[in-house]
Amino acid sequence: MTIKITGTGSALPEKRVTNFDMAELVETSEEWIRERTGISERRIATKETVASLATQAGKAALDMAGCEASEVDLIITATCSPELLLPCCACQVQSAIGAENAVAFDLNAACSGFLFALNTAYAYLQTGLYKNALIIGGEVLSKLVDWTDRSTCVLFGDGAGAAFVEASEADELCENGRKAGIEGMVMSSDGSKGMVLSCAERGLSNPYSEASGEVNPYIYMDGQAVYKFATRQVPACINEALDKAGLTVEDVDMFLLHQANVRIIESVAKRLKSDISKFPMNLSRVGNMSSATIPVLLDELNRDGKLEKGSRLVLSGFGAGLTYGASILVWGA
Ligand code: UT7
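What you are looking at is a predicted structure, and each value in this text was computed from that prediction instead of being measured.

An account of the packing of aromatic side chains is needed here, citing residue identities and associated values.
Taken as a whole and assessed by the stated rule, the structure comprises five aromatic pairs. Centroid distance tyrosine 124 to tyrosine 130: 5.6 Å. Interplanar angle 55°. Geometry classified as tilted. Using a relative accessible area of 28% as the deciding quantity, one classes tyrosine 124 as partly exposed. Grouped by ring-pair contacts, the aromatic residues Phe105, Tyr124 and Tyr130 constitute a single cluster.

Residues and numbers for the packing of helix 3 (residues 50-65) against helix 4 (residues 89-97), please.
In a pair of packed helices, the angle between the axes and the distance between the axes together describe the arrangement. Orientation of helix 3 relative to helix 4, taken along the N-to-C sense of each, is 55°, at an axis distance of 9 Å. As the angle between them shows, helix 3 and helix 4 are arranged oblique. Along this stretch, helix 3 crosses helix 4, giving a crossing that reads as right-handed. Across the interface between the two elements, Val50, Ala51, Ala54, Thr55, Lys59 and Leu62 of helix 3 pack against Cys89, Gln92, Val93, Ala96 and Ile97 of helix 4. Per-class residue counts for the contact of helix 3 with helix 4 are eight nonpolar, two polar and one charged.

Give me the lowdown on the sheet that holds strand 8 (residues 181-189), citing residues and values where you can.
A sheet is described by the order of its strands in space; here four strands give the open sequence 8-13-12-11, paired in mixed fashion. The sheet is open, and its two edges are formed by strand 8 and strand 11 (254-257), each paired on a single side. With direction set aside, neighbouring strand axes in the sheet form an average angle of 10°. Bridge count for strand 8 against strand 13 (residues 323-330) is eight bridges, and the pairing is antiparallel. Directly across from glycine 181, in strand 13, lies its bridge partner valine 330.

Account for the pattern of salt bridges, with residues named and values stated.
Enumeration according to the criterion identifies 12 salt bridges in this entry. Among the salt bridges present, the one from lysine 143 reaches glutamate 83, with a minimum N-O distance of 3.1 Å. One end of the pair, lysine 143, is in the loop between strand 6 (132-139) and helix 6 (150-153); the other, glutamate 83, is in the loop between strand 4 (74-78) and helix 4, and 60 residues separate them in sequence. Among the ionic pairs, arginine 285 bridges to glutamate 300, the shortest N-O distance being 2.7 Å. Here the residue arginine 285 occupies a position in helix 9 (residues 283-286), and glutamate 300 occupies one in helix 10 (residues 293-303), the gap between them amounting to 15 residues.

Report on the packing of helix 7 (residues 223-244) against helix 8 (residues 262-271), specifying residues and quantitative values.
Viewed as axis vectors pointing N to C, helix 7 and helix 8 meet at an angle of 40°, and their least axial separation amounts to 9 Å. When the axes of helix 7 and helix 8 are compared, the pair comes out oblique. Helix-helix and strand crossings are classified by hand; for helix 7 and helix 8 the assignment is right-handed. Of helix 8, the residues touching helix 7 (which contributes Tyr227, Ala230, Thr231, Arg232, Val234, Pro235 and Ile238) are Arg263, Ile264, Ser267, Val268 and Arg271. For the contact of helix 7 with helix 8, the class distribution of residues is seven nonpolar, two polar and three charged.

Which residues make up the state of the cysteines, and what are the values?
Taken as a whole and assessed by the stated rule, the structure comprises zero disulfides. Of all cysteine sulfurs in the structure, the one in cysteine 88 sits closest to cysteine 89, which takes part in no disulfide; the separation is 7.4 Å. For cysteine 199, which is in no disulfide, the shortest distance to another cysteine sulfur is to cysteine 80 and amounts to 8.0 Å.

Tell me about the nonpolar core, and name the residues and values.
Grouped burial of nonpolar side chains is what soluble globular proteins tend to show. Counting residues in each nonpolar core, the largest one holds 47 residues, and the members touching the most others are Ile238 and Phe255. Elements with a minimum of two residues in this core: helix 7, strand 11, helix 8, strand 12 (312-319) and strand 13. It is helix 7 that provides the largest number of residues to this core, a total of eight residues. Setting aside its immediate chain neighbours within four residues, phenylalanine 255 contacts Ile238, Val249, Leu272, Ser274, Lys278, Phe279, Pro280 and Val314. Judged by nonpolar contacts, the second largest core, of 31 residues, contains Ala78, Leu115, Ile135 and Val165.

Summarise the sheet that holds strand 6; cite the residues concerned and give the values.
One open sheet holds the five strands; their spatial order is 1-7-6-4-5, and the pairing between them is mixed. Looking along the sheet, the strands with just one partner apiece sit at the ends: strand 1 (2-11) and strand 5 (103-107). The sheet shows a mean angle of 20° between the axes of neighbouring strands, direction not considered. One ladder, built from five bridges, connects strand 4 with strand 6; its direction is parallel. Residue pairing across strands places alanine 78 opposite glycine 137, the latter belonging to strand 6. On the sheet, helix 10 packs against strand 1, strand 6 and strand 7 (159-168) and is oriented at approximately 95° with respect to strand 1.

What counts, and where the lines are drawn
- Residues numbered from 1 in each chain as written.
- Predicted model: local features only at pLDDT ≥ 70, side-chain atom pairs only at ≥ 80, totals over all residues.
- Heavy atoms only, no water.
- Phe/Tyr/Trp six-rings, centres within 6.5 Å; stacked < 30°, edge-to-face > 60°.
- Buried < 20%, exposed > 50% of the residue type's maximum accessible area, 1.4 Å probe, protein only.
- Axes fitted to C-alpha atoms, helices over the stretch in contact; angles between N-to-C directions.
- Helix = DSSP H or I, 4+ residues; strand = E, 2+ residues; numbered from the N terminus.
- Parallel < 35°, antiparallel > 145°, perpendicular 65-115°, else oblique.
- Left-handed = near helix turned anticlockwise from the far one by under 90°.
- Contact = heavy atoms within 4.5 Å.
- Nonpolar A, V, L, I, M, F, W, Y, C, P; charged D, E, K, R; others polar.
- Pairing = 2+ DSSP bridges.
- Salt bridge = Lys/Arg side-chain N within 4 Å of Asp/Glu carboxyl O.
- Disulfide = S-S within 2.5 Å.
- Core = buried A, V, L, I, M, F, W, Y, C linked by side-chain atoms within 4.5 Å.

Listed below in structure tokens is the structure:
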């Protein structure tokens, strides 16, 4: 048994914010942002929420798959920026789409969130416990960004992406002889380095607690530390996943990496000794949307007809935690 992605969807806020707009807010320039990150513009929520974007993306994925909401077994929403701590975003999506028979919960692995959700769904479906899952990565990071901090506010964008995955028979062969489905995965965490990318919640505030002091409610990032971590760990974990599956870099048709920085993606391509043309990117238009980057990219490629049956994709995410991982997927839709 393996799984097949039978539908994808995405949703972006209406408001476009260009690098020129950013230069009016903080001391930066269009060139600096574009040259250092590859980002030209991003979408910022003015009325949208994580729940509304996730709902829109999730509905689009179900529509493509031709699945009724009442047939959905499991909903996992990966997010680190929900509006509400309770109830979780996945339960809000469940209610909004009318998936009354689904079990729904959130998962927070920051920018690796969608990948971890995909792997979690895969594990559930493999046991036979559920036969399908709607997995969503959604963020409104603009709430967590300090809009006076030029080193972080220029990087992030808001959005959501979704995939509907269904259990499928492992012996289904594509025309090129490959079996559709997940061929391998690696997931890793290194909590000891977690504070290089952090964002605080509320501190203790009960009558018995010691004063917890000032907390910074905004995203803090040691950009260079994260950059070094990503350029070292991402190629290593992709190679590990490929090794485990008995495959090499040459066997891969497309690498869908977390869209944080074009220089990180170029460096990973170089370390893997693979052609940069195999690394599709959309960050110039949408910025870093954390857990939403991979599913939004996947949906754009799918809707543009760029994913052929039998194509071998590597999805790889990395981010706060620190968390990172890679999954190898033969496209079978
Ligand atoms: O999804 C989560 C994962 N996050 C990431 O993957 C982010 C990884 N890190 C990066 O992508 C890069 O480190 C950044 C894009 C965040 C920064 O690029 P960098 O080349 O590492 O720049 P830097 O932090 O070394 O800063 C270089 C200079 C500094 O000035 P001084 O100290 O050299 O005078 C910064 O103050 O650039 C300055 N700077 C800016 N200048 C203009 C920082 N931000 C800006 C800005 N505009 N927006």
